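Residue-level structural notes
Chain by chain, the residues run as shown.
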Amino acid sequence: MRLGTEGVIPVSDPPHASSGPDTAVDENRLEELIIEAQTALPVELPALANRCASSLGLDTALIYLVDLQQRLLVPLEETLDPLPVDRSSAGRAYRTVSPRVTETDDGLVLWMPLVDGAERLGVLAVRTASLDEVRVRRSRMLAHLFAMLITSKRAYSDWLAARTRTVPMGLPAEMLRAFLPPHTVGSRRCVSTAVLEPAYDIAGDAFDHSVVKNVLHTMILDSMGHDLTAGLTTSVAMAAARNARRGGGDLADVVGSVDRALAQWVPDHFCTGVLCRLDAETGVLHWVNCGHPPPLLIRAERVRAGVLDSPPQPPIGLAGPLAPAARQVHETTLEPGDSVLLYTDGAVEARDGAGAEFGLDRFTDFIIRSSAAGQRPAEVLRLLIHAILDHQRNRLRDDLTILLFEWRPQH
């Protein structure tokens, strides 16, 4: 097999039937390993990965998961050191979601991205004496298998959660993160991705997104305060929104459900937010803005100012005479390739040591330039939130959350 520049594996290389290991695989042994994988404890995954690699004619396989802030790739093998996302071949495979190859004294290492749907989990390091089409295909199969295993097991594994943390987590953040969905979801027609900071001390901010058939639901919330009650308010809001969605409610029903839930269960507390509903077949977008910064529409590498502005509405959860009689749902139609950006005020109000804000213009310009450079949406937000943290020297004065969704019907 030919290797491209910087260790890239060209996807257009034709298969070479005569090269590589014997194409016969011990299917019985492989079946045993797959069955074993279903009941394996998460801590047993490193050893299981090696046994699966051996059954496929490969040498070894190491699993690396990305940490909460997407700065490090942390090995599940506890004796090994993490690798930097921004300065390693492993990180390049993660950032670009494409295989990379490095040469060592012991042979070659193929870095395969671990992806569950649209969510980047980490990378799989497959060591092999040589590379050919068969080994690459088997390495890809192995990466798919372990991406599914990690996704299925991390929902209940404290060990997997602990491996991706670099500092202790605050209680409000622990509670709120239990409600958060994957950072990235999507389909062939649309993708939604989000980030939030401070990763270990988040309290009132949150995001939610879900794809139901041909509809993408997105939501961003910012609760009053920065304590356990703020996290509880946001958690109740997310649960109420999901309960209404899963019961078949439309966007007005969802907002009304959150209003009532907060007024009943956490009175005297409220949150601002934006809730959206995108028909991924037609591009019709409905949204409700409840006292929050307006969504931004990015079209043809420009921010279309005011397109998603709407008359002000009260925050969510106000009771008694302050409660709105009805929520206004607004509608527009997106064009193919459009992006919609939701954010909390902490994302643009971050200040450096001299007091200068990061600012909305710099915020949107960063997204436009990164997207124009070919970065995937999840990578755009990873780079953006690190730029904001660097601007404020990692000392945030407020929670910040960013959610970006794109309509790409031609995909």
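Model, not experiment: these values are computed from the prediction.

Looking at the pairing of strand E5 (residues 107-116)
- A large share of E5 lies buried, amounting to eight of its ten residues.
- One ladder, built from five bridges, connects strand E4 (residues 100-104) with E5; its direction is antiparallel. When the bridges of E5 are listed, Arg100 appears paired with Trp111.
- Hairpin connection of E4 to E5: two residues between the antiparallel strands.
- In the sheet, E5 pairs with strand E6 (residues 119-128) via nine bridges, with the strands oriented antiparallel. Of the residues in E6, the one forming a bridge with Met112 is Leu124.
- Joining the antiparallel neighbours E5 and E6 is a turn of two residues, in which Gly117 adopts a positive phi near 65 degrees.

Some details on the layout of surface pockets
- Estimates place the volume of the largest pocket at around 1,100 Å³.
- Together, 40 residues line the largest pocket, and Leu68, Arg154, Thr164, Arg177 and His183 are the ones closest to its centre.
- Those elements giving two or more residues to the lining of the largest pocket turn out to be strand E1 (60-66), E6, helix H4 (133-154), helix H5 (158-163), helix H6 (171-177), strand E8 (190-197) and helix H10 (377-391).
- A per-element tally of the lining of the largest pocket places E8 first, with five residues.
- Here the lining of the largest pocket is built from residues that sort into 23 nonpolar, eight polar and nine charged.
- Of the voids in this model, the second largest pocket is the one considered here, and its volume is about 440 Å³.
- Every residue lining the second largest pocket is counted, 19 residues in all, and those nearest its centre are Val97, Ala118, Val191, Arg376 and Pro377.
- Considering every element that reaches the lining of the second largest pocket, the biggest residue donor is H10, with three residues.

What counts and what doesn't
Residues numbered from 1 in each chain as written. Predicted model: local features only at pLDDT ≥ 70, side-chain atom pairs only at ≥ 80, totals over all residues. Heavy atoms only, no water. Buried < 20%, exposed > 50% of the residue type's maximum accessible area, 1.4 Å probe, protein only. Helix = DSSP H or I, 4+ residues; strand = E, 2+ residues; numbered from the N terminus. Pairing = 2+ DSSP bridges. 1 Å grid on protein atoms, 1.4 Å probe; cavity = no way out; pocket = protein on both sides within 12 Å on 5 of 7 lines; lining within 4 Å. Points joined across faces, edges and corners; volume = space filled by probe spheres on them. Nonpolar A, V, L, I, M, F, W, Y, C, P; charged D, E, K, R; others polar.

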